[in-house]
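# Examining the three-dimensional arrangement
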Amino acid sequence: MKTLKLTALALFLLASSSSLIAQTADEIVSKYITTIGGAAKLKALKGVKMEMVVNAQGMEIPVEIVQEPGGKMYVKINIQGKEMTQMASDGETVWSTSFMTMKAEKSDAETTANAKLSAADFPDPFLDYKTKGYSIELMGKETKEGTECYKIKLTKKPITIDGVKTDDVNYYYFDTENNLPIATETEIKQGPAKGQKSVSTMSDYQEVDGIYFPFAMNQGGQAMKVKKITLNPTVDPKAYAFPAQ
């Protein structure tokens, strides 16, 4: 009888151990892609338009973000009824509007080159990550936002900072229960906060035409609430292009 009990216990421990070993980074990412809608639906996306509000110093600022394949994107903000393009790219030229002069200015060569490295990230950097030249690694489990998470290290192609090649590493925290990322973490590479961690959180996942998106986010302490998401919007190419001076 004792032998049977020991055998049952040994089998239980062996099964539990095998389960832990089997939980790889690839499996976690694969489950995530399936959970949010599946690879086929993600690959069929031609664009995503997000209409949101950002809480800044007690004010709600309307923000519109559009992304398309090939690095095409823009971020438009509306301050006291005045709309401006905060950042945009047509896949080749990256530009933004200066708050000092209110004129469009092209980004420097280094910033532009770094942006182009992420052009294949739409609609999700984990989708076909190997073909993008990225790698992933399971760093174990951690508690984030009071939730047990799998910590996944995503290493993208090296970027250039002040002429020096630098690793582009991001950490994603996947909720072990729902298999959705609830936080990301990366190291700030430039400016006064260089070396410090930049943390973003995501929650309130909602379905839009069969694909799940987070509708509540917080980036660097700035809360963002998504009001509406439109898939495959019709966008005038001029919205991405650097305006004629």
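Our subject is the structure listed above.
Before going into details, it helps to say that this report is about the structure given with it. Treat the numbers as computed from the prediction; the structure is a model and nothing was measured. Residue indices follow the written sequence of each chain, beginning from 1 at its first position. Owing to the predicted nature of the model, reporting of local features is limited to residues with pLDDT of at least 70; listing and counting of side-chain atom pairs is limited to 80 or more, with chain, interface and lining totals taken over all residues. As a rule here, side-chain values come from all non-hydrogen atoms in the structure, and water together with hydrogens is ignored.

### Quick notes on helix H2 (residues 25-35)
- Exposure categories follow from relative accessible area, calculated using a 1.4 Å probe and restricted to protein chains: below 20% of the type maximum is buried, above 50% is exposed, and the middle band is partly exposed. Starting at the N terminus, helices and strands are each numbered in turn, a helix being any DSSP run of H or I of at least four residues and a strand any DSSP run of E of at least two. Among all positions of H2, only Ala25, Ile28, Val29, Tyr32 and Ile33 are buried. Projected onto a plane normal to the axis of H2, the buried residues spread over an arc of 135 degrees and lie on a single side.
- Contacts are assigned to residue pairs with any non-hydrogen atoms lying within 4.5 Å of each other. In this fold, the buried residues of H2 make contact with helix H3 (39-44), strand E7 (135-144), strand E8 (147-161), strand E9 (164-175) and strand E10 (181-187).
- Looking one or two places after H2, you find glycine 37, whose phi comes out positive at around 145 degrees. The directions from the helix axis to the C-beta atoms form the arc being described.

### Regarding the pairing of strand E3 (residues 72-79)
- Two strands make a pair as long as DSSP finds a minimum of two bridges between them. Pairing of strand E2 (residues 59-68) with E3 involves 6 bridges; the strand directions are antiparallel. Paired with valine 63 across the strands is isoleucine 77, a residue of E3.
- Linking E2 back to E3 in an antiparallel pair, the connection comprises 3 residues, with glycine 70 at a positive phi of about 80 degrees.
- Sheet topology note: the E3/strand E4 (residues 82-90) ladder contains 8 bridges and is antiparallel. Bridging from a neighbouring strand, isoleucine 77 pairs with methionine 84 of E4.
- Remark: 2 residues form the turn of the hairpin made by E3 and E4, two consecutive strands paired antiparallel; glutamine 80 in that turn has positive phi of roughly 50 degrees.

### Some details on unusual backbone geometry
- For the bond running from phenylalanine 122 to proline 123, omega is 0 degrees, close enough to zero to count as cis.
- Within the secondary structure layout, proline 123 lies in the loop between helix H4 (109-117) and E7.
- Backbone geometry places glutamate 145, a non-glycine residue, at a positive phi of 55 degrees.
- Mapped onto the elements, glutamate 145 comes out in the loop between E7 and E8.

### Describing the environment of aspartate 124
- With respect to the element layout, aspartate 124 can be found in the loop between H4 and E7.
- Apart from the residues lying within four places of it in its own chain, the contact partners of aspartate 124 are Tyr32, Ile33, Ile36 and Lys132.

### Examining the pairing of E10
- For E10, the buried fraction is high: 5 of the 7 residues fall into the buried class.
- Looking at chain direction, E9 and E10 are connected through 5 bridges and run antiparallel. Across the sheet, residue tyrosine 172 finds its bridge partner in E10, namely threonine 184.
- What sits between the antiparallel neighbours E9 and E10 is a turn of 5 residues, in which asparagine 179 has the positive phi angle 60 degrees.
- As judged from the 5 bridges shared by E10 and strand E11 (residues 197-208), these two strands associate in the antiparallel manner. Paired with threonine 184 across the two strands is serine 200, which belongs to E11.

### Focus: the layout of surface pockets
- The method works on a 1 Å grid over the protein atoms by themselves. A cavity is a set of points holding a 1.4 Å probe that cannot get out, a pocket is an open set with protein on both sides within 12 Å along at least five of seven lines, and residues with an atom within 4 Å of a point line them. Grid points are joined across faces, edges and corners, and a volume is the space filled by probe spheres set on the points. Taken as a whole, the second largest pocket holds about 170 Å³ of empty space.
- The wall of the second largest pocket is formed by Lys151, Asp167, Val169, Tyr171, Glu185, Thr186, Glu187, Lys189, Gly195 and Lys197.
- Broken down by secondary-structure element, the contributors of at least two residues to the lining of the second largest pocket are E9 and E10.
- Ten residues, namely Ala, Val, Leu, Ile, Met, Phe, Trp, Tyr, Cys and Pro, are considered nonpolar, four, namely Asp, Glu, Lys and Arg, are considered charged, and the remaining ones, Gly among them, are considered polar. Residue classes in the lining of the second largest pocket are distributed as 2 nonpolar, 2 polar and 6 charged.

### Comments concerning the side chain of aspartate 121
- Relative to the helices and strands, aspartate 121 resides in the loop between H4 and E7.
- Pairs of N or O atoms are called polar contacts if they sit within 3.5 Å, as long as, within protein, a hydrogen donor faces a hydrogen acceptor (for residues adjacent in sequence, only side-chain-to-side-chain pairs). A distance of 2.6 Å separates the side chain of aspartate 121 from the side chain of tyrosine 134, its partner in a polar contact.
- In contact with aspartate 121, other than residues within four places in its own chain, are Lys132, Tyr134 and Lys156.

### Here's the deal with the pattern of salt bridges
- Salt bridge, as used here, is a side-chain nitrogen of Lys or Arg placed within 4 Å of a carboxyl oxygen of Asp or Glu. Counting across every chain of the model gives 9 salt bridges.
- A salt bridge links aspartate 121 to lysine 156; the shortest N-O distance between them is 2.5 Å. Placement of the pair is aspartate 121 in the loop between H4 and E7 and lysine 156 in strand E8, with a sequence separation of 35 residues. The residues aspartate 121 and lysine 156 share a single accessibility class, namely buried.
- Here lysine 144 makes a salt bridge to glutamate 185, at a shortest N to O gap of 3.1 Å. Of this pair, lysine 144 sits in strand E7 while glutamate 185 sits in strand E10, placing them 41 residues apart in sequence.

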